[in-house]
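Architecture at a glance
Next come the chains, spelled out residue by residue.
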Amino acid sequence: MITQQEAYDTMMKQVCQPALESISLDQALDRILAKDIHADIDMPPFIKSAMDGYACRRADLDNPLQMIETIKAGQAPVQTIGKNQCSKIMTGGMVPEGADCVITVEETEVLDTDSVCFIADSTRNNVCLKGEDMRVGDVVLTAGTRLRPQHIAMAASVGAVAPTVYCCSRVGIISTGDELVEPEIKPTLSQIRTSNSHQLVAQVLSTHAIPTYYGITRDTETSLDSMLKKAMADNDVILLSGGVSMGEFDLVPGIMKANGFDILFDEIAIQPGKPTTFAVSPNSYCVGLPGNPVATFTQFELLVKPFLYRLMGHDYEPPNIRLPMDSNHTRARARRDGWFPATITREGTVSPCEFHGSAHVDSLCEADCLVTMPAGVKSLDAGCMVSIHLINP
Ligand code: AMP
Ligand code: MG
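Described below are features of the structure shown in this document. Bear in mind that the values here come from a model prediction, so they are computed numbers and not experimental data.

1. So, the overall build of the protein chain
- If you tally the helices and strands in the protein chain, you get six helices and 28 strands.
- In summary, the protein chain has a C-alpha radius of gyration of 30 Å against a globular reference of 21 Å for 393 residues, an excess of more than 25%.
- Once the C-alpha set of the protein chain is aligned to its principal axes, its extents read approximately 95 × 50 × 40 Å.
- The buried share among the 393 residues of the protein chain stands at 48%.

Written out as structure tokens, the structure is:
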């Protein structure tokens, strides 16, 4: 059986270079930048006042200063500051020639309509130098960046109004199982509602890939085969949930093979998520996720999410965080590496959620993170440091 890390590496190795497109800034949230963005101007583009006050010469601060101009932000000064002169200036205004500092309104006393004097003991220069934040030609955003609001601001400030980004992957989602009904239907005896279908749609949306949900297939070869063919026609990746275990009606691997997929792994030494299956064909990828909702959720987080991001040009690396446990935690078996859901307390400790196993869908509702427990480790003591994987970063 391969390890979770080997499964991850196997999937990542299969990724081909994604296609590119150009989009507007207002469509760019969470898209992955495909080409570096360079500064087209110095920032600030001129020596800028950082305060409301008076631009003057530091050498004149002991003398009354005669006011010769008022400089608003967005207006170029026309006067040059000479000995014992100043210009009233607003924050963001262009510092006039001759001035080497701005004294603030709070540091000044107005003597009459056109003169002021400095009344503080000392002052900073209160100016932002031309190009101190960045210079023309500097790389301000690198390819591979997931464009968050702050990156969009950066692109806007250098005029990069149509960034080149990677195209979004299209992801088909299929749930398998004779026992499943759609959530709007009240299950009869022996049925359950599909939760994975809609969880997977939401998880795919969270990566900014484009999900299409195809519905529930019955546990028959014909039903599975026709839905998989439909999904293959329109998607880069197909996610199936259920039907990958050892049961008599777990038909997914066989149907993958019959449709030209090459199965690269079908078992991971992990809990939950052991039967997770990954297959490739010339035109698409297929991931068979276990039916149990916590296993599906966990393996999406650990494997599918970074895989989808990589397909869209981004190296998704959640922060490596270690925190102390707030209480003891034990598990019944420790043959495999394991993950359990937990909350992060206000005190910054990790508190395990009530967790009955991989079918326990509500165990995740209060969870902020998944906590890993290596094979061979059956219990964690309060106070010991654990690695956590944030689930909603
Ligand atoms: P399977 O992997 O098909 O053997 O399913 C394992 C368990 O997960 C069974 O108890 C299924 O009823 C349950 N299950 C399978 N698919 C789903 C789904 N889409 N939503 C919620 N539970 C599911
Ligand atoms: Mg099933």
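2. As for the sheet that holds strand S20 (residues 277-280)
- In space, the six strands of this open sheet follow the order S16-S13-S17-S21-S20-S18, with mixed pairing throughout. Because the sheet does not close on itself, it has two edges, and the strands there are strand S16 (210-217) and strand S18 (262-265). Going from strand to strand, the sheet's axes swing by 20° on average, the running direction of each strand aside.
- Relative to strand S21 (residues 285-289), strand S17 (residues 237-241) runs parallel, the two being bridged by five bridges. Across the sheet, residue Leu239 finds its bridge partner in S21, namely Val287.
- Lying over the sheet, helix H1 (residues 4-13) contacts S18, S20 and S21, oriented at roughly 140° with respect to S18.

3. Let's talk about the sheet that holds strand S7 (residues 101-104)
- Across the sheet, six strands lie side by side as S7-S4-S6-S5-S9-S8; this open sheet has mixed pairing. The open sheet terminates on both sides in strands that have one partner only, identified here as S7 and strand S8 (108-112). Within the sheet, the average angular offset between the axes of one strand and its neighbour, ignoring direction, is 40°.

4. Some remarks on unusual backbone geometry
- With omega at -10°, the peptide bond leading from Met43 into Pro44 counts as cis.
- Its location among the elements puts Pro44 in the loop between strand S2 (37-38) and strand S3 (48-49).
- The phi angle at Ser190 is positive, at roughly 80°, despite the residue not being glycine.
- Locating Ser190 in the fold gives a position in the loop between strand S14 (180-181) and strand S15 (192-193).
- Positive phi is not limited to glycine here, since His208 has a value of about 75°.
- Residue placement: His208 occurs in the loop between helix H3 (196-207) and S16.
- His208 sits in the partly exposed class, given a relative accessible area of 29%.

5. Description of the environment of Lys130
- Mapped onto the secondary structure, Lys130 falls in the loop between strand S10 (127-128) and strand S11 (139-141).
- Between the alpha carbons of Lys130 and Ser195 there is a distance of 56 Å; along the sequence they are 65 residues apart.
- Here the side chain of Lys130 touches Asp42 through a polar contact of 2.7 Å, side chain to side chain.

6. Observations regarding the environment of Ala19
- Note on placement: Ala19 falls in the loop between H1 and strand S1 (20-22).
- Residue classification places Ala19 among the partly exposed residues on the basis of a relative accessible area of 48%.
- Each C-alpha atom, one on Ala19 and one on Tyr166, is 5.8 Å from the other, the two residues being 147 residues apart in sequence.
- Apart from the residues lying within four places of it in its own chain, the contact partners of Ala19 are Val165, Tyr166 and Cys167.

7. Here's the deal with the nonpolar core
- Counting 41 residues, the largest nonpolar core has Val171, Val204, Val237, Leu239, Phe278, Phe307 and Leu308 as its most contacted members.
- Taken together, the elements giving at least two residues each to this core come down to H1, strand S13 (170-176), H3, S17, S20, S21 and helix H6 (293-311).
- When residues no more than four places from it in sequence are discounted, the contact partners of Phe278 are Thr10, Met11, Gln14, Asp262, Ile263, Leu264, Phe265, Tyr285, Cys286, Val287 and Phe307.
- Listed in part, the 16 residues of the second largest apolar core include Ala231, Leu240, Leu251 and Ala279.

Basis of the calculations
- Residues numbered from 1 in each chain as written.
- Chains lettered and ligands numbered in written order.
- Predicted model: local features only at pLDDT ≥ 70, side-chain atom pairs only at ≥ 80, totals over all residues.
- Heavy atoms only, no water.
- Helix = DSSP H or I, 4+ residues; strand = E, 2+ residues; numbered from the N terminus.
- Rg over C-alpha atoms; globule rule 2.2 N^0.38 Å.
- Buried < 20%, exposed > 50% of the residue type's maximum accessible area, 1.4 Å probe, protein only.
- Pairing = 2+ DSSP bridges.
- Axes fitted to C-alpha atoms, helices over the stretch in contact; angles between N-to-C directions.
- Contact = heavy atoms within 4.5 Å.
- Polar contact = N/O pair within 3.5 Å; in protein donor to acceptor, adjacent residues only side chain to side chain.
- Core = buried A, V, L, I, M, F, W, Y, C linked by side-chain atoms within 4.5 Å.

Structural measurements only, silent on function.
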